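Single-letter residue listing:
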Amino acid sequence: MTTIEIDHTSRWFGNVVAVNDVSMTVGPGVTGLLGPNGAGKSTLINMMGGFLAPSTGKVTLDGRTIWRNEAVYKEIGIVPEREGMYDFLTGREFVVANAELQGLGGAEAQRALATVQMEYAQDRKIATYSKGMRQRVKMASALVHEPSVLLLDEPFNGMDPRQRMQLMELLRRMGAEGRTVLFSSHILEEVEQLASHIEVIVAGRHAASGDFRKIRRLMKDRPHRYLVRSSDDRALAAALIADPSTAGIEVDLTEKALRIQAVDFGRFTELLPRVARERGIRLLTVSPSDESLESVFSYLVAA
């Protein structure tokens, strides 16, 4: 059972701290590394794959240090977010080149191309490939040596719905076989559909860990903020503030609206239209003001 251990690990670039004292364990099955863009996900994956050394702390595979350990590299496949491909090669030539770096040959490359369903385009130049096709060829090159660990950085970028479904099914199958699969994403729904376990990272820090239901519950329970415009903002505010589902209401004179913080999401969504109807107040605008991923993850840091 192959396990990656990240132990109080930090990585900085000059004065920029990309990963700050992160500890987590990634074991067999499919793990989602979730976080907004710029959170430090790619830096973590590059340390797990042996491309970067930790500034402090340790990153190990079954107790063995990954950095500059050639024997460990043979057990890891990595699909980076950045392209780094040779457009003048065909897909088959690219995968064969990666196979040869592992001491393998054309048969293994052909098997890997079949695994990602790219045989039909294997003799076309990579320059002619779509983003989704490039992703699948990178996947084939990562799988050519049958690694026990697979690390993927935003693997679904640029894929059409059919390609996404095919890749998700492949990763599920690999996780079920007992391989250690970790993929990063900033899209909650991708992680929900695929990962049995989630690690959340925000601003370089480890924010939360657990199964999807646990993470979703943390997100659901956080305070929700709304911008509400109505035909009578002051009367609406007076009626809502008395209810325990609201923690605060501010009259925004610049926006000519109410800024409402709701602590009981379900109760508030039932309360608002009912109060407006009972008092003859027309609701003109009801919009969430903090639904960005960054705001959600910032709440998880403090949860």
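Bear in mind the structure is a predicted one, so any value in this text is a computation, not a measurement. (Residues numbered from 1 in each chain as written. Predicted model: local features only at pLDDT ≥ 70, side-chain atom pairs only at ≥ 80, totals over all residues. Heavy atoms only, no water.)

Chemist: I would appreciate a short explanation of the sheet that holds strand S10 (residues 205-210) in the present structure.
Modeler: To summarise the sheet geometry, strands pair through backbone hydrogen bonds and adopt either a parallel or an antiparallel arrangement. Judged by pairing direction, the sheet is mixed, and its six strands sit side by side in the order S6-S7-S8-S3-S9-S10 without closing on themselves. Because the sheet does not close on itself, it has two edges, and the strands there are strand S6 (76-79) and S10. Direction aside, neighbouring strands of the sheet carry axes that sit 15° apart on average. In the packing of helix H6 (residues 161-176) onto the sheet, the strands contacted are strand S3 (29-34), strand S7 (149-153) and strand S8 (180-185), and the crossing angle to S3 comes to about 125°. (Pairing = 2+ DSSP bridges. Helix = DSSP H or I, 4+ residues; strand = E, 2+ residues; numbered from the N terminus. Axes fitted to C-alpha atoms, helices over the stretch in contact; angles between N-to-C directions. Contact = heavy atoms within 4.5 Å.)

Chemist: Where do I start with the sheet that holds strand S2 (residues 16-26) in this structure?
Modeler: An order of S2-S1-S4-S5 is seen for the four strands of this open sheet, with the pairing classed as antiparallel. A single partner strand is all that each edge strand has here, and the edge strands are S2 and strand S5 (64-65). Bridge count between strand S1 (residues 4-13) and strand S4 (residues 56-61): five bridges; the pairing is antiparallel. The partner of Glu5 across the bridge, within S4, is Thr60. Against the sheet, helix H1 (residues 41-48) engages S1, S2 and S4, with an angle of about 120° to S1.

Chemist: Where do I start with helix H5 (residues 131-143) in this structure?
Modeler: One turn of the α-helix equals 3.6 residues, which is why residues spaced by three or four share an orientation. For H5, with 13 residues, the first-to-last C-alpha span of 19 Å sits near the 18 Å given by 1.5 Å per residue. Along H5, twelve of the 13 residues are buried, which leaves the element largely enclosed by surrounding structure. Among all positions of H5, only Gly132, Met133, Arg134, Gln135, Arg136, Val137, Lys138, Met139, Ala140, Ser141, Ala142 and Leu143 are buried. Among the structural elements, S6, helix H3 (91-101), helix H4 (106-115), S7 and H6 are those in contact with the buried residues of H5. (Expected span 1.5 Å × (residues − 1). Buried < 20%, exposed > 50% of the residue type's maximum accessible area, 1.4 Å probe, protein only.)

Chemist: Looking at this structure, how should I read the layout of surface pockets?
Modeler: It is a probe the size of a water molecule, rolled over the atoms, that shows where empty space is left. Here the largest pocket defines a volume of roughly 610 Å³. Lining of the largest pocket is provided by 24 residues; of these, Phe51, Ile76, Ile78, Asn98 and Gln102 occupy positions nearest its centre. Secondary structure elements with two or more residues in the lining of the largest pocket: helix H2 (70-73), S6, H3 and H5. Size it by volume and the second largest pocket reaches roughly 180 Å³. Here the lining of the second largest pocket gets three residues from one element, more than from any other, and that element is H1. The class makeup of the residues in the lining of the second largest pocket is three nonpolar, two polar and three charged. (1 Å grid on protein atoms, 1.4 Å probe; cavity = no way out; pocket = protein on both sides within 12 Å on 5 of 7 lines; lining within 4 Å. Points joined across faces, edges and corners; volume = space filled by probe spheres on them. Nonpolar A, V, L, I, M, F, W, Y, C, P; charged D, E, K, R; others polar.)

Chemist: Would you explain the pattern of salt bridges in this entry?
Modeler: Once their charged atoms are close, side chains differing in charge can pair, the charge on each being opposite to the other. Inspection of every chain in the model, using the stated rule, returns 14 salt bridges. Of the charged contacts, one joins Arg179 and Glu177 as a salt bridge, the two residues approaching to 3.5 Å between their closest N and O atoms. The exposed category is assigned to Glu177, whose relative accessible area is 51%. Among the salt bridges present, the one from Arg267 reaches Asp243, with a minimum N-O distance of 2.8 Å. With Arg267 in helix H10 (residues 265-278) and Asp243 in the loop between helix H9 (233-241) and strand S12 (246-252), the pair connects residues that are 24 residues apart, well separated along the chain. What makes Asp243 buried here is its relative accessible area of 12%. Within the structure, one salt-bridge network assembled from shared partners comprises Arg111, Glu146, Glu177 and Arg179. (Salt bridge = Lys/Arg side-chain N within 4 Å of Asp/Glu carboxyl O.)

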